[in-house]
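Each chain is listed here by its residues.
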Amino acid sequence: MPKQAGPSTGEQAKQLALGQLREAILRGDMAPAQRLVENELAEQFGVTRASIRAALIDLESQGLVERIRNRGSRVRVVTVEEAVAITECRLVLEGLCAAKAAVAVTDEQVVELTELGTAMTKAVAGGEPLTYSELNHRLHTRIREFSGQLTALELLERLNAQLVRHRFQLALRPGRPQQSLNEHLAMIEAIEARDPQAAEAAVRAHLTSVIEALRD
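Attention here is on the structure that accompanies the text. Keep in mind the model is a prediction, meaning the values are calculated, not measured.

What counts and what doesn't
- Residues numbered from 1 in each chain as written.
- Predicted model: local features only at pLDDT ≥ 70, side-chain atom pairs only at ≥ 80, totals over all residues.
- Heavy atoms only, no water.
- Core = buried A, V, L, I, M, F, W, Y, C linked by side-chain atoms within 4.5 Å.
- Buried < 20%, exposed > 50% of the residue type's maximum accessible area, 1.4 Å probe, protein only.
- Helix = DSSP H or I, 4+ residues; strand = E, 2+ residues; numbered from the N terminus.
- Contact = heavy atoms within 4.5 Å.
- Expected span 1.5 Å × (residues − 1).
- Salt bridge = Lys/Arg side-chain N within 4 Å of Asp/Glu carboxyl O.

Let us look at the nonpolar core. Counting residues in each nonpolar core, the largest one holds 40 residues, and the members touching the most others are Leu113, Leu139, Ile143 and Ile191. Among the secondary structure elements, those contributing two or more residues to this core are helix H4 (80-104), helix H5 (107-125), helix H6 (129-147), helix H7 (150-161), helix H9 (176-192) and helix H10 (196-215). Residue contributions to this core peak at nine residues, all from H4. Those residues in contact with Ile143 that sit more than four places away from it in its chain are Cys97, Ala98, Ala101, Leu113, Met187 and Ile191.

Counted at 1.5 Å a residue, the expected span for H9 with its 17 residues is 24 Å, and the 24 Å between its end C-alpha atoms agrees. Taken residue by residue, H9 has Arg176, Pro177, Ser180, Leu181, Glu183, His184, Met187, Ile188, Ala190 and Ile191 as its buried positions. Buried residues along H9 sit against H4, H5, H6, helix H8 (164-172) and H10. The positive-phi residue at the C-terminal boundary of H9 is Arg194, with phi of around 55°.

What follows is about the pattern of salt bridges. Within the structure shown, the criterion is met by 14 salt bridges. The partner of Glu11 in a salt bridge is Lys14, with the nearest N and O atoms 3.7 Å apart. In this pair, Glu11 and Lys14 both sit in helix H1 (residues 10-27), three residues apart, roughly one turn of the helix. The salt bridge involving Arg90 is made with Glu94; its shortest N-O contact spans 2.9 Å. Of the two residues, Arg90 and Glu94 are both situated in helix H4; the distance of four residues between them amounts to about one turn of the helix.

Here is the structure:
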């Protein structure tokens, strides 16, 4: 990544470093267990080591970075067991969001969900698992946003950030996109029908399937 232009010290510098580091981790540019050397990162982003250190502390609180005693910081490794536990929490919160979205969804939002479902179907048919994974993520995000449940939205953003590596791995597993496509289409259908019970049940069924896939 190129050196960033902007303030080198203070809160703005910390926020700059925080945003760039978080994006790099979420994109997979920084791999699990990769060391995060403060001097190198400060040079890369054009900020002070103090700004980098403050950003790493924030990322640690978000579950994306871990500090190893006497060894500094590294990108946190999320085990399968942790991924399952996180997904169990998602199951409850995303079920709630789906039920609320089914009640609150507008006609324009229904059209958007339909279009996402169509795009996901095309991605699976075209053998584009990474495109499908991105659309999958967008669908879940939009359902959460349509729900209007801001507390759940904030909690889920933190939980989902820790699952990026596992999400990509599942997307690349043979046969997995085809299976999850039907689960996502069922979620869309229930929300479009404005049936909160069916929407919550569809999300719970999908995430139960995700848990089973993680354990395989």
